[in-house]
Amino acid sequence: MADLSNIIHILPSMKSGDDLFSALEILPKYDDTIRAADVPVRLMALSDLYRIYVPSNMSLEIYSKMYLALLRSLQKKGTKMAIQQKNQNHKAVIQQEYSGIMGGSDSFTIIGASGIGKSSAISRAITLITENRVIEVENPYTKIIPCICVQCPFDSSVKGLLLEILRKVDEMIESKYYQNALRARTTTDMLIGSVSQVALNHIGLLVVDEIQNVCNSKNGKSLVGMLTQLINNSGISICMVGTPESAVFFEQAVQLARRSLGLRYDVMEYGADFRRFCEIVFSYQYVKQRTEITDGIMEWLYEHTSGNISVVVSLIHDAQETAILNGKEVLNLESLNEAYQKRLSMLHGFIYMEQKKQTSKTKRKASVVNVKISTEEKSSGELSSSEFTIADLVAMAKNENKDMVQLLKIYIPVVEVAV
């Protein structure tokens, strides 16, 4: 057991750099001989692709932010101000008199597009920071849960979220706060006081996922207001995680915006991080014929996933699953395209919109270089330069009675897609 005044030294030491990167990374064990195993064995092992976790700069920032937020929260526990706040919370439950002494601006947001790995990064950070254990303090004796993760109710119910927090606390320290609240049929106002007291005694960091549910609910502002009151009455840090639409909600008013300063992320850009991720996932092959990833495949993956890593994993997984089931047993552009057309058809619209957004954001301009073609080159049906125009190729196809697609393949990579 530890003393409450010395509690910050109980946390694992904060990692950084290469040590943090290697600690966050998860690469399931892979044996190349499994490609010769029976079909059911390979299909079951194929699910290991979803266990792969390759850290990025987002992972490192989330870890640092959560570690420091937890540290600030734990530093407040056991102080004179925390004892005064406990007395005020008791009055809030009994006399309905609310007074936040602890206060502070310990809330922050992690906002990013769906599927970029926010929840996975948070889960890995929590595992590393807390080592999945409850802290037991001797003087005074209490159990502190370093981090609790709850999900924002779909209807943004304030009472529903408060009860879920109590249920999670009971699950971790085997208490009976949730049962007592149900038995007493406590009102929402009384619950705020009770949860504030429980959070002050037992919670270090509270993570509220799917916070975008507040955007389209009439109870949205009430729920955010409750979280603000919880911060003031308990002094704990609260992390709100959601998609970009939640940012629009928080920007509506100053009192909401100041409570939602934090981290914002978008889909991964095509660069070293994306290429490394593709190389690692692509190396986990369970088809009989092994292939190596090429620059063309990586570019194709980016164009057909818009840099969304969860879609990349699903696409490579489904391509291998399809190839195993239809007997082709190879992971190549053909099997990837087949999986994209058959398994990911519902995502085509979202991927197209994301590509359109990226194009408009970077304002890329396609340049076409016109070259002069001599009479001899036209008559021979070949272009000596790698620079050409589509019009020249069309004219050549008509004059020489050639297939336009086959002619294009001579000068540029062409992937035929079945419609």
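Residues numbered from 1 in each chain as written. Predicted model: local features only at pLDDT ≥ 70, side-chain atom pairs only at ≥ 80, totals over all residues. Heavy atoms only, no water.

**Q** Is there a simple way to think about the side chain of Ser-237 in this case?
**A** Mapping Ser-237 onto the fold places it in strand 6 (residues 237-242). By relative accessible area, Ser-237 is classed as buried at 0%. For Ser-237, the side chain forms a polar contact with the main-chain oxygen of Ala-69, separated by 2.9 Å. (Helix = DSSP H or I, 4+ residues; strand = E, 2+ residues; numbered from the N terminus. Buried < 20%, exposed > 50% of the residue type's maximum accessible area, 1.4 Å probe, protein only. Polar contact = N/O pair within 3.5 Å; in protein donor to acceptor, adjacent residues only side chain to side chain.)

**Q** In this structure, what is going on with the confidence of the model for the chain? I would like to understand it.
**A** Low pLDDT means the predicted atomic positions in that stretch should not be read closely. Scored by pLDDT, the chain has a mean of 80; 77% of the residues are at 70 or more. For the stretch residues 100-104, pLDDT sits under 50, and the model shows 23 contacts to residues farther than four places along the chain or on other chains. Low confidence marks residues 362-381, where pLDDT is under 50. Its contacts with residues over four positions away, or in another chain, come to 21 contacts. (pLDDT = per-residue confidence, 0-100. Contact = heavy atoms within 4.5 Å.)

**Q** Help me understand the layout of surface pockets in this model?
**A** Which parts of space are left empty comes out when a probe the size of a water molecule is rolled across the atoms. Volume-wise, the largest pocket comes out at about 690 Å³. Along the wall of the largest pocket there are 31 residues; nearest its centre are Met-58, Ile-116, Gly-117, Met-268 and Ile-309. Sorting the residues of the lining of the largest pocket by element identifies helix 3 (57-76), helix 5 (118-130), helix 12 (272-283) and helix 14 (309-326) as the ones contributing at least two each. Residues that form the lining of the largest pocket fall into these classes: 15 nonpolar, 11 polar and five charged. Its boundaries defined by the atoms lining it, the second largest pocket holds a volume of some 380 Å³. Counting residues per element, the lining of the second largest pocket draws most heavily on helix 5, which supplies six residues. (1 Å grid on protein atoms, 1.4 Å probe; cavity = no way out; pocket = protein on both sides within 12 Å on 5 of 7 lines; lining within 4 Å. Points joined across faces, edges and corners; volume = space filled by probe spheres on them. Nonpolar A, V, L, I, M, F, W, Y, C, P; charged D, E, K, R; others polar.)

**Q** Hey, could you run me through the state of the cysteines in this one?
**A** Joining two cysteines, a disulfide is a covalent bond between their sulfur atoms. With the rule as written, the count across this model stands at zero disulfides. Cysteine Cys-149 is unpaired, with the sulfur of Cys-147 as its nearest cysteine sulfur at 4.3 Å. Its relative accessible area of 35% is what places Cys-149 among the partly exposed residues. (Disulfide = S-S within 2.5 Å.)

**Q** Just to check I follow, could you spell out the packing of helix 6 (residues 158-173) against helix 9 (residues 220-234) for this structure?
**A** Helix packing for two helices is described by the angle between their axes and how far apart those axes are. Across the interface, helix 6 lies against helix 9 with an axial gap of 9 Å and an inter-helix angle of 40°. Our classification of the angle between helix 6 and helix 9 gives oblique. Contacts between helix 6 and helix 9 involve Val-158, Leu-161, Leu-162 and Ile-165 on the former and, on the latter, Ser-222, Leu-223, Met-226, Leu-227 and Leu-230. (Axes fitted to C-alpha atoms, helices over the stretch in contact; angles between N-to-C directions. Parallel < 35°, antiparallel > 145°, perpendicular 65-115°, else oblique.)

**Q** Whenever I open this one, the nonpolar core confuses me. Can you help?
**A** For soluble globular proteins, nonpolar side chains are generally found buried alongside one another. Formed by 36 residues in total, the largest nonpolar core has its most connected members in Leu-49, Tyr-286, Leu-301, Leu-315, Ile-316 and Leu-336. Elements represented by at least two residues in this core include exactly helix 12, helix 13 (295-303), helix 14 and helix 15 (333-342). In terms of residue count, helix 14 provides more of this core than any other element does, nine residues in total. Membership of the second largest hydrophobic core comes to 34 residues, among which are Leu-161, Ala-181, Leu-191 and Leu-223. (Core = buried A, V, L, I, M, F, W, Y, C linked by side-chain atoms within 4.5 Å.)

**Q** What's the story with the environment of Thr-142 in this structure? I'm lost.
**A** Checked against the element boundaries, Thr-142 lands in strand 4 (residues 142-151). Here Thr-142 falls in the buried class, since its relative accessible area comes to 15%. Considering only alpha carbons, one finds Thr-142 and Ile-173, 31 residues apart in sequence, at a separation of 9.8 Å. Thr-142 has contacts with Ile-135, Glu-136, Val-137, Asn-201 and His-202, leaving out every residue within four places of it along the chain. Separated by 3.5 Å, the side chain of Thr-142 and the backbone oxygen of Asn-201 make a polar contact.

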